[in-house]
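Descriptive analysis of the structure
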Amino acid sequence: MGVLQGKTAIVTGASSGIGAATAKALRREGVRVAVGARRADRLEGDLALELDVTDPASCERFVERAVAELGGLDVLVNGAGLALGRDSFDESTEEDEQVVLHTNVDGLIRMTRLCLPHMRLWGHIVNLGSIAGRQAYEHAALYVASKFAVRGFTYALREDLLGRPIRITTVDPGLVETDFSLVRFRGDSEKARAVYAGVEAMRPEDVAECILFALTRPPHVNVDELVVKALAQSSGGRILRTE
Ligand code: NAP
């Protein structure tokens, strides 16, 4: 029997990409998973509920129901996140700034605050950061700022959790082929496809495996950070393409 068998988890951003793959991988390991996202019709989990991480009332409702139905919480995976646009900062807008920061930063912090009181001994929080949170690349200022914030928050929370049996990990992926680019380019599928052209990007399942690795270490081991990139990517701005 695997070490995750019988545990419970909340996965945000589970309607697509890395969140969906993570929920699936956890369920395969015998974890009961409450999944959330705005597009509730796309969710697959033991408990699937609409969740907008930018809306405090939605988050409160979600956590209350999830904890009641799961009967306690062992794992929180903060997967909900997005980028908007690939423009110079001068061309970015206040509206985009609010959506990106409210989702990636405020939403992640809010869900963490709401879940923490319910976490059982040896609970584990996994935050989806990005290589954008480690090194800036051009025309991505809002996203880069949001992911640096995720890393800063994770470091700070680790300080505050010291002495409590709760582990905390950031997983920072490079290029993963998901709907991320379709969202970033506001539904322009041609631009989104070009991001993954001529390169073998990671699949969401690759990142889910990294999350499982962190979750399945012995209780005294905390994987602080896990940076994972496609072999053909050396940094946020540098990708080797075959064409
Ligand atoms: P994705 O396929 O577009 O999935 C993003 C998920 O976030 C969706 O389930 C979306 O669901 C959810 N979401 C967005 N806004 C939300 C909100 N306000 N409330 C609740 N859920 C919300 O993209 P992905 O690649 O899997 O991204 C997952 C995470 O990995 C993000 O944090 C992203 O920054 C990070 N990441 C991705 C890459 C990459 O190359 N793909 C690289 C590094 C890091 P709804 O739209 O249904 O709400």
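First, a word on what this report is: a plain description of the structure on this page. (Residues numbered from 1 in each chain as written. Predicted model: local features only at pLDDT ≥ 70, side-chain atom pairs only at ≥ 80, totals over all residues. Heavy atoms only, no water.)

Turning our eyes to something else, we now look at the side chain of threonine 22. Within the element layout of this structure, threonine 22 appears in helix 1 (residues 17-28). Here threonine 22 is in contact with Val77, Ala208 and Ile211, once residues within four sequence places are set aside. (Helix = DSSP H or I, 4+ residues; strand = E, 2+ residues; numbered from the N terminus. Contact = heavy atoms within 4.5 Å.)

At a closest axis distance of 10 Å, the pairing of helix 2 (residues 56-70) and helix 3 (residues 94-115) adopts a crossing angle of 35 degrees. Read as a crossing pair, helix 2 and helix 3 show a hand that is right-handed. Contacts from Pro56, Cys59, Glu60, Phe62 and Val63 of helix 2 reach helix 3 at Arg110, Met111, Leu114 and Cys115. Residues that form the contact of helix 2 with helix 3 fall into these classes: 7 nonpolar, no polar and 2 charged. (Axes fitted to C-alpha atoms, helices over the stretch in contact; angles between N-to-C directions. Left-handed = near helix turned anticlockwise from the far one by under 90°. Nonpolar A, V, L, I, M, F, W, Y, C, P; charged D, E, K, R; others polar.)

This part covers the site of the ligand. Taken together, the neighbourhood of the ligand is formed by 29 residues, with Ser16, Arg38, Arg39, Tyr143 and Thr178 sitting nearest. Here an oxygen atom of the ligand sits 2.8 Å away from a polar atom, N or O, in the main chain of isoleucine 18. A distance of 2.9 Å separates a nitrogen atom of the ligand from a polar side-chain atom of aspartate 52. Taking 870 Å² as the accessible area of the ligand by itself, protein coverage stands at 96%. Placement of the ligand is best described as lying within the largest pocket. For the shell around the ligand, the secondary-structure elements that each account for two or more residues are helix 1 and helix 4 (141-161). (Near = heavy atom within 4 Å. Polar contact = N/O pair within 3.5 Å; in protein donor to acceptor, adjacent residues only side chain to side chain. Areas by Shrake-Rupley, 256 points an atom, 1.4 Å probe, with all protein chains shown as cover. 1 Å grid on protein atoms, 1.4 Å probe; cavity = no way out; pocket = protein on both sides within 12 Å on 5 of 7 lines; lining within 4 Å. Sits in = over half its atoms within 2 Å of the grid points.)

Here strand 4 (residues 73-78) lies mainly inside the structure; 6 of its 6 residues are buried. When strand 1 (residues 8-12) meets strand 4, the two strands line up parallel, connected through 4 bridges. Bridge pairing in strand 4 places valine 11 opposite valine 77. Pairing geometry for strand 4 and strand 5 (residues 119-128), over 5 bridges, is parallel. Along strand 5, the bridge assignment pairs leucine 76 with isoleucine 125. (Buried < 20%, exposed > 50% of the residue type's maximum accessible area, 1.4 Å probe, protein only. Pairing = 2+ DSSP bridges.)

With their axes 9 Å apart at the nearest point, helix 3 and helix 4 run at an angle of 15 degrees to one another. Overall, the two elements helix 3 and helix 4 adopt an arrangement that is roughly parallel. Two packed elements cross with a definite hand, and for helix 3 against helix 4 that hand is right-handed. Where helix 3 abuts helix 4, its residues Asp96, Glu97, Val100, Leu101, Asn104, Val105, Leu108, Ile109 and Thr112 lie against Leu142, Tyr143, Ser146, Lys147, Ala149, Val150, Phe153 and Leu157. In terms of residue class, the contact of helix 3 with helix 4 is made up of 11 nonpolar, 3 polar and 3 charged. (Parallel < 35°, antiparallel > 145°, perpendicular 65-115°, else oblique.)

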